[in-house]
Amino acid sequence: MLTNDEYKELLKTARSIRHSVIDTTLKAGGAHVGGAMSMLDILVMLYFKYMNIDVNNPDNPDRDRFVLSKGHAAIGYIPLLAEKGFFDKKLLDSFNKFKSPFGMHPDANKIPGCDASTGSLGHGLPMAVGMALGARIQNKNFYTYCMTGDGELNEGSNWEAAMTAAHYKVDNLLLFIDRNRHMIDGPVEDVMGVEPLADKWKAFGWKVFEIDGHDMNQIADAIEKAHETKDKPVVVIAKTTKGKGVDFMEDETKWHYGAIDSFLGEQAHASIDKMYVEYGLTD
Amino acid sequence: MSKEVTGTTWNVYDANKLTQAEIYGKVLCDLGNKYPNLVGLTADLSKSTKIGLFEEKFPERFINTGIAEQNLFGIAAGMAKTGLLPVVSTMSAFASMRAAEQVRTDICYQNLNVKIIATHGGVSFASAGTTHHATEDIAIMRSFANMTVIVPADGIETANAVRAAMEYEGPVYIRIGRGFEPTYYDKEEYGFQIGKAVDVRDGTDITIIAMGITVLQAAEAADFLAINDGLSVRVINMHTIKPIDKDAIMKAVTETRRIVTVEEHNIIGGLGTAVADVIAESGKGCAFTKIGLKDEFAEIGYPEDLYSYYKLDADGIIEKVREIMGKDFEEDEDWDDEV
Ligand SMILES: Cc1ncc(C[n+]2csc(CCOP(=O)(O)OP(=O)(O)O)c2C)c(N)n1
């Protein structure tokens with residue numbers, strides 16, 4: 001369980017990043033906002049409570065790793081790295097622009113704190129399994145985290161990696177599935193269903209937790225249980241809302257990718273603030 | 001495959017109101033009536049590629065595999081084996097790289113009648129970055145035996161290419177952009193034929209061989225150079241990269257003695273390489289330069305930024321033409337000799 005102070009601090013961080021996502025989307029001329037907002041609370045928990053990382057030494061070989069397999073959600077990830085202090089927030093103004101380090105998908109060659117270049121779906125989990133095996137073979141203690149989309153699970157490479165991780169009893173790896181139930185062409189269960197999802201992972205030999213992916217206490221709890229799990233890879237199926245916090249985007253397939261103008265931007269900021277007031281944040 | 005289509009009059013879509021991708025979507029809808037065995041396939045990109053227009057009209061003849069490109073092309077191969085005419089659309093990067101082996105072994109080796117409409121080619125999905133750039137796809141696809149490779153200049157030519165591909169038996173890869181590219185042609189009747197280059201400008205001093213979006217840029221460059229430099233610049237639209245039009249290339253070699261190729265692609269393995277192969281095998285020499293990405297991954301930016309940075313726009317082409325015009329090369333006295 002999080003302490004009350006911790007809980008409030010994490011909420012404040014998430015709120016600040018949500019605002020930053022909206023500002024950056026506005027300047028970038030469009031972005032994958034929906035899937036950025038749905039995964040964000042989990043990333044905040046990882047980067048602001050659990051991950052062993054040092055913004056002043058982003059390439060430390062012993063650091064924990066994170067692979068954003070659903071790379072299109074870079075619009076959520078890159079502002080978070082700025083908030084964490086890997087680089088100046090002002091740099092976000094260059095998003096999508098010529099020679100910017102920041103485009104629609106995260107580029108590890110260019111972004112301090114980013115562990116893998118992703119954007120082609122179904123690449124992240126194999127790389128994360130490789131990192132986890134890399135730690136084991138070199139007797140290192142770092143932990144690897146990975147985030148995939150739910151539509152992304154259509155890619156067979158995920159299931160090949162799932163088999164490998166279970167076969168090698170990879171227990172220094174935690175996979176999150178952002179179960180926001182939407183992909184591009186429609187709801188996941190309409191386009192290419194993935195249910196029964198928990199049973200699939202169990203059948204592949206993984207330990208499965210199902211949580212509310214916006215409940216900070218449930219996220220923290222799942223991470224701690226994963227850390228305690230031995231001899232098995234762990235997956236957390238996080239039930240989330242695409243576009244979380246922005247009322248007009250929530251649970252709408254069409255907000256997978258979109259542009260906002262200053263009018264919609266204001267509406268988005270107001271909606272985010274309102275949500276956090278409801279969570280009990282008054283300052 | 002049904003053969004009743006004979007290339008009758010073709011609706012000219014208002015290219016100013018429709019994007020390149022929408023045009024092919026509409027063309028497919030028309031073809032759907034003519035070819036009852038035509039089926040459409042995509043991998044969660046029916047909206048982004050515009051093959052969704054076909055899906056709306058023929059939902060029972062459409063398969064969306066979800067985000068699974070290897071599966072997508074394997075399924076298309078299986079369908080083709082049962083007599084269907086699959087048209088598969090996804091982004092170029094995923095068609096050419098993620099599913100490369102399915103395209104090569106399942107489709108090309110078995111010489112199946114599958115048409116691939118690969119969108120977001122080159123650096124057209126510019127700010128999406130390297131994962132979504134496809135600057136290797138032409139090299140990959142042209143190395144697959146049995147594959148025909150077409151890069152239309154604009155939406156109008158895409159309509160022509162899609163229609164021609166249906167009338168042609170065997171695998172075809174049609175590479176288009178993101179869909180927002182300006183058009184070059186204003187009508188479809190200019191004699192499009194697979195494997196036959198189209199003359200865009202006649203000229204005697206130098207030839208620019210272009211494909212895709214660079215055709216329009218090359219034409220503009222030629223017009224500029226005619227007025228400002230007094231140059232007579234030939235421009236060829238090499239829409240079919242494979243089989244390549246050797247006659248058009250050799251005519252340019254002998255008549256203009258200078259060639260510049262322009263491609264939205266790595267300069268290794270694409271249009272420039274294909275043209276160079278023809279010249280090298282002919283035994284005749286000429287001044288020759290390739291414009292394209294110089295064996296590098298592209299930057300992030302807006303498409304115009306990248307086209308300008310990699311010299312794929314009119315300004316870049318003008319610069320390269322001036323460079324090559326200034327070059328000395330040994331005149332061959334026996335130029336007209338048979339090789
Ligand atoms: C290999 C590959 N195929 C297709 C795409 C295009 N694409 C980008 S996002 C997306 C949908 C992703 O859906 P999901 O995994 O559910 O992500 P989320 O809803 O969390 O944003 C697709 C098909 C891609 N990036 N990579």
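Residues numbered from 1 in each chain as written. Chains lettered and ligands numbered in written order. Predicted model: local features only at pLDDT ≥ 70, side-chain atom pairs only at ≥ 80, totals over all residues.

(A) Inspection of the interface of chain B and chain A at higher detail. With 26 residues of chain B at the interface, the matching set in chain A holds 25 residues. Breaking the side of chain B that touches chain A down by element, the ones donating at least two residues are helix H2 (46-49), helix H4 (69-81) and helix H5 (92-98) of chain B. Among the residues forming the side of chain B that touches chain A, the class breakdown is eight nonpolar, 13 polar and five charged. (Contact = placed C-beta atoms within 7 Å. Helix = DSSP H or I, 4+ residues; strand = E, 2+ residues; numbered from the N terminus. Nonpolar A, V, L, I, M, F, W, Y, C, P; charged D, E, K, R; others polar.)

(B) The arrangement of the site of the ligand in detail. The ligand sits among 27 residues. The nearest are Gly 35, Leu 121, Gly 149, Gly 151 and Glu 152 of chain A. Neighbouring residues of the ligand are not confined to a single chain but are spread across chains A and B. Class assignment for the residues of the shell around the ligand results in eight nonpolar, eleven polar and eight charged. (Near = placed C-beta within 6 Å.)

(C) Geometry of the domain arrangement of chain B. Residue and element names in this part refer to chain B. Examined at the domain level, chain B breaks down into domain 1 (20-175) and domain 2 (198-325). One C-alpha centre belongs to domain 1, the other to domain 2; they are set 26 Å apart. Taken together, the contact between domain 1 and domain 2 spans 22 residues of the former and 25 residues of the latter. Put simply, the parts of the chain that give the side of domain 1 that touches domain 2 at least two residues each are helix H7 (137-142), strand E5 (148-150) and helix H8 (155-167). (Domains from an automatic or database assignment.)

(D) Spotlight on the sheet that holds strand E4 (residues 207-212) of chain A. Residue and element names in this part refer to chain A. Spatial strand order, E1-E2-E3-E5-E4: five strands in an open sheet with parallel pairing. At either margin of the open sheet sits one strand with a lone partner, and together these are strand E1 (65-68) and E4. Strand-to-strand twist in this sheet, taken as the mean axis angle between neighbours without regard to direction, amounts to 20 degrees. Of the strand pairs in this sheet, E1 and strand E2 (residues 144-149) are connected by four bridges, and their pairing is parallel. Along E2, the bridge assignment pairs Phe 66 with Tyr 145. (Pairing = 2+ DSSP bridges. Axes fitted to C-alpha atoms, helices over the stretch in contact; angles between N-to-C directions.)

(E) Local environment of the environment of Asn 266 of chain B. Residue and element names in this part refer to chain B. Looking at the secondary structure, you find Asn 266 in strand E11 (residues 258-266). The class for Asn 266 is buried, based on 23 C-beta atoms found within 10 Å. Spatially, the C-alpha atom of Asn 266 lies 5.3 Å from that of Thr 135, the residues being 131 residues apart in sequence. Here Asn 266 is in contact with Thr 135, Glu 136, Ala 139, Gly 292, Leu 293 and Asp 295, once residues within four sequence places are set aside. (Buried ≥ 20, exposed ≤ 12 C-beta atoms within 10 Å, placed from the backbone.)

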